[in-house]
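Now for the letters of each chain:
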Amino acid sequence: MKSENPIYVTMPSLAPLDEVDPYLRQIWDTGIMTHNGPLVQRFERDFAAWSGLPHIVAVGNGTLAIQLALRALGLPPGSEVITTPFTFIATLSSILYEGFRPVFVDIDPETFNLDPAKIEAAITPRTAAILPVHVFGNPCDVEAIDAIARRRGLKVIYDAAHAVGVKVRGQSVLMYGDVSATSFHATKLLNTSEGGGIYAADSQIDNTLRELRFFGYDDAKSVVRVGTNAKMTEVNAAIGLANLRHMDEVLADRRAKYALYRRLLSQSDKLSFQRIADGCNCSYFPVVFRSEAALLNVEAALRRENVFPRRYFQPSVNTCRAIVPEAAPCPFSESLAERILCLPLYSTLPEDAVRAIAEIILDAVKEDA
Ligand code: T4K
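Residues numbered from 1 in each chain as written. Predicted model: local features only at pLDDT ≥ 70, side-chain atom pairs only at ≥ 80, totals over all residues. Heavy atoms only, no water.

1. A look at the nonpolar core
- Within the largest apolar cluster, 49 residues are counted, with the highest numbers of intra-cluster contacts made by Phe-43, Phe-47, Ile-82, Ile-119, Val-173, Leu-174 and Leu-190.
- Only α1 (17–30), α2 (38–51), α5 (142–152), β6 (155–159), α7 (234–244) and α8 (247–265) provide two or more residues apiece to this core.
- Formed jointly, this core draws a minimum of three residues from each of two domains, domain 1 (7–12 + 247–365) and domain 2 (17–244).
- Excluding anything up to four places from it in sequence, Ile-82 contacts Val-103, Val-105, Ile-119, Ala-122, Ile-123, Thr-127, Ala-129, Ile-130 and Leu-131.
- Tyr-258, Leu-260, Leu-265 and Phe-285 belong to the second largest nonpolar core, which has 32 residues in total. (Core = buried A, V, L, I, M, F, W, Y, C linked by side-chain atoms within 4.5 Å. Buried < 20%, exposed > 50% of the residue type's maximum accessible area, 1.4 Å probe, protein only. Helix = DSSP H or I, 4+ residues; strand = E, 2+ residues; numbered from the N terminus. Domains from an automatic or database assignment. Contact = heavy atoms within 4.5 Å.)

Spelled out as structure tokens, the structure:
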């Protein structure tokens, strides 16, 4: 098939430029570019309404969203946070950056999410919180995790970076736990170029988050806590507002292409897939090989055709010795990280490309033991 232009793992879903233009004109007319301006406030309202949430706090990116979430809960300094090893490095680095000690609990090898059955054994008197990730938009077993947390007096922060549009029992998955932190990065389903959002049902926590993102000022501009600059800009909100209007189409398109990949690749018994729940947003298409050698073979075959999938997430972050020198092994996560590849999946990817990519993969795995 050799595509003329490289096909990457993703491309941003962008509204037509003329739909962004009126928002940008408003910025140019008023000169208001930042500091919780009218477009950020509108983006917060519109995103919350689309998600079925009462409110949301928009911030500069998804990493800051996790950091502020951890900080807003007032956890004892230096306490332990139970988390997953199968994630992007930002989950782990946020825990460390905020001065907490990550304790890894291995994943369920079918859902790729932190395994609730293994949480209790990792709880110590120093545990303050659990920080799971809805990996690739597949919701965690939120009811089991929230029940453990309630029973053991722990806070729950969900890394919902992949979870825009994800539902559990008909409501946004962001409603579970004490706080959820999402990302509006260019590579995410909904993008503001760079951006993030935090949802906390508790109004005091919500208020603390707003103060934290704005240098620790309260509404009267008195300094009430140590804060930072985590604001979303008006330009980012303008992009987000235009993109938000297309979210239903974007979601439907992902689901259709996900189903097509899945149907085509299921022809091989040498491939396996994430077990996803109904409310998954299908924002990524991960495929799992029997060995790393098989993965490398397929990756090379795709590269020869100008197709560039990505090894999300590799390595398993518990093995990042430079920042967690003494972390315990997590066999399921480490094994998965060596064998998983995310295939190109985005709005402007033609269906023919999905078919051609599936064909290259099926052909390349034929010879595998
Ligand atoms: N928690 C989790 C579980 C996460 O996955 C992430 C981020 C976070 C927290 C933190 O959220 P943020 O602070 O990022 O908001 C990407 C993204 O940078 C990152 O947002 C994402 N997860 C992570 C899984 O992937 P890379 O290293 O893959 O980026 P890059 O530049 O190689 O982009 C991948 C492909 O996307 C490129 O091949 C082409 C395309 N692309 C990328 C950019 C940046 C575009 O078409 N346009 C663009 O502007 O990290």
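2. Comments concerning the site of the ligand
- The immediate surroundings of the ligand are formed by 26 residues, with Thr-63, Asp-159, His-162, Arg-310 and Tyr-312 found nearest.
- Separating an oxygen atom of the ligand from a side-chain N or O atom of Arg-310 is a distance of 2.6 Å.
- Calculation on the ligand without its partners gives an accessible area of 920 Å², and the protein chains cover 75% of this total.
- Secondary structure elements with two or more residues in the shell around the ligand: α3 (62–72) and α4 (89–97).
- A per-element tally of the shell around the ligand places α3 first, with three residues.
- In terms of residue class, the shell around the ligand is built from 12 nonpolar, 11 polar and three charged. (Near = heavy atom within 4 Å. Polar contact = N/O pair within 3.5 Å; in protein donor to acceptor, adjacent residues only side chain to side chain. Areas by Shrake-Rupley, 256 points an atom, 1.4 Å probe, with all protein chains shown as cover. Nonpolar A, V, L, I, M, F, W, Y, C, P; charged D, E, K, R; others polar.)

3. Remarks on the domain arrangement of the protein
- Each domain of the protein was delimited in the assignment, giving domain 1 (7–12 + 247–365) and domain 2 (17–244).
- One C-alpha centre belongs to domain 1, the other to domain 2, and the line joining them spans 25 Å.
- The interface of domain 1 with domain 2 comprises 37 residues on the first partner and 38 residues on the second.
- The junction of domain 1 with domain 2 conceals about 3,200 Å² of combined surface from both sides, 68% of it contributed by carbon and sulfur atoms. (Buried area = accessible area lost by both parts, 1.4 Å probe.)

4. Considerations on the sheet that holds strand β10 (residues 196–199)
- Read across the sheet, seven strands follow the order β2-β10-β9-β6-β5-β3-β4 without closing on themselves; strand pairing throughout is mixed. Of all strands in the sheet, those with a lone pairing partner are β2 (57–59) and β4 (101–104), marking the two edges. Between one strand and the next, the sheet's axes are offset by a mean angle of 25°, whatever the strand orientation.
- Note that strand β5 (residues 127–131) and β6 share two bridges and pair parallel. Each residue of the ladder has a partner; that of Ala-129, found in β6, is Lys-155.
- Strands β5 and β6 of the sheet are contacted by α5, whose axis makes an angle of about 150° with β6. (Pairing = 2+ DSSP bridges. Axes fitted to C-alpha atoms, helices over the stretch in contact; angles between N-to-C directions.)

5. What about the packing of aromatic side chains?
- For the structure on display, the rule yields 18 aromatic pairs.
- Between Phe-136 and Phe-313 the ring centres are 5.4 Å apart and the planes differ by 10°, which places this aromatic pair in the stacked class. Of this pair, Phe-136 sits in the loop between β5 and α5 while Phe-313 sits in the loop between β13 (307–308) and α10 (331–339), and the two are 177 residues apart along the sequence. Each of the two residues, Phe-136 as well as Phe-313, counts as buried.
- Among the aromatic residues, those joined into a cluster by ring pairs are Phe-86, Phe-112, Phe-136, Tyr-284, Tyr-312 and Phe-313.
- Directly above the aromatic system of Tyr-217 lies the positively charged group of Lys-221, at a separation of 5.1 Å from the ring centroid. (Phe/Tyr/Trp six-rings, centres within 6.5 Å; stacked < 30°, edge-to-face > 60°. Lys NZ or Arg CZ within 6 Å of the ring centre and 35° of its normal.)

6. Looking at the environment of Glu-367
- Mapped onto the elements of the fold, Glu-367 is located in the segment after α11 (351–365).
- When its relative accessible area of 71% is taken as the criterion, Glu-367 is described as exposed.
- With 179 residues separating them in the primary sequence, Glu-367 and Lys-188 have C-alpha atoms 35 Å apart.

7. Some remarks on unusual backbone geometry
- Here the amide bond leading from Tyr-312 into Phe-313 is cis, since omega sits at -10°, within 30 degrees of zero.
- The peptide bond linking Gln-314 to Pro-315 adopts the cis configuration, its omega dihedral lying at 5°.
- Phi is positive for Phe-112, which is not a glycine, with a value near 70°.
- Mapped onto the elements, Phe-112 comes out in the loop between β4 and β5.
- Judged by relative accessible area, Phe-112 falls into the buried class, the value being 2%.
- The backbone of Cys-282 sits at a positive phi, close to 55°, despite the residue not being glycine.
- Looking at the secondary structure, you find Cys-282 in the loop between β11 (271–273) and β12 (285–289).

8. A look at the packing of α2 against α7
- In the contact formed by α2 and α7, the axes pass within 8 Å of each other and the chain directions differ by 30°. When the axes of α2 and α7 are compared, the crossing they make is left-handed. Only Glu-234, Ala-237, Ala-238, Gly-240, Leu-241 and Leu-244 of α7 make contact with α2, whose side of the interface consists of Pro-38, Leu-39, Val-40, Arg-42, Phe-43, Asp-46, Phe-47 and Trp-50.
- Among the residues making up the contact of α2 with α7, the classes are represented as 10 nonpolar, one polar and three charged. (Left-handed = near helix turned anticlockwise from the far one by under 90°.)

9. Overview of the sheet that holds strand β14 (residues 340–343)
- Strand order across the open sheet formed by three strands is β11-β12-β14, with antiparallel pairing between neighbours. Looking along the sheet, the strands with just one partner apiece sit at the ends: β11 and β14. Averaged over all pairs of adjacent strands, the angle between strand axes in this sheet comes to 35°, irrespective of strand direction.
- With respect to the sheet, helix α9 (residues 292–304) is in contact with β12 and β14, its orientation differing from that of β14 by roughly 25°.

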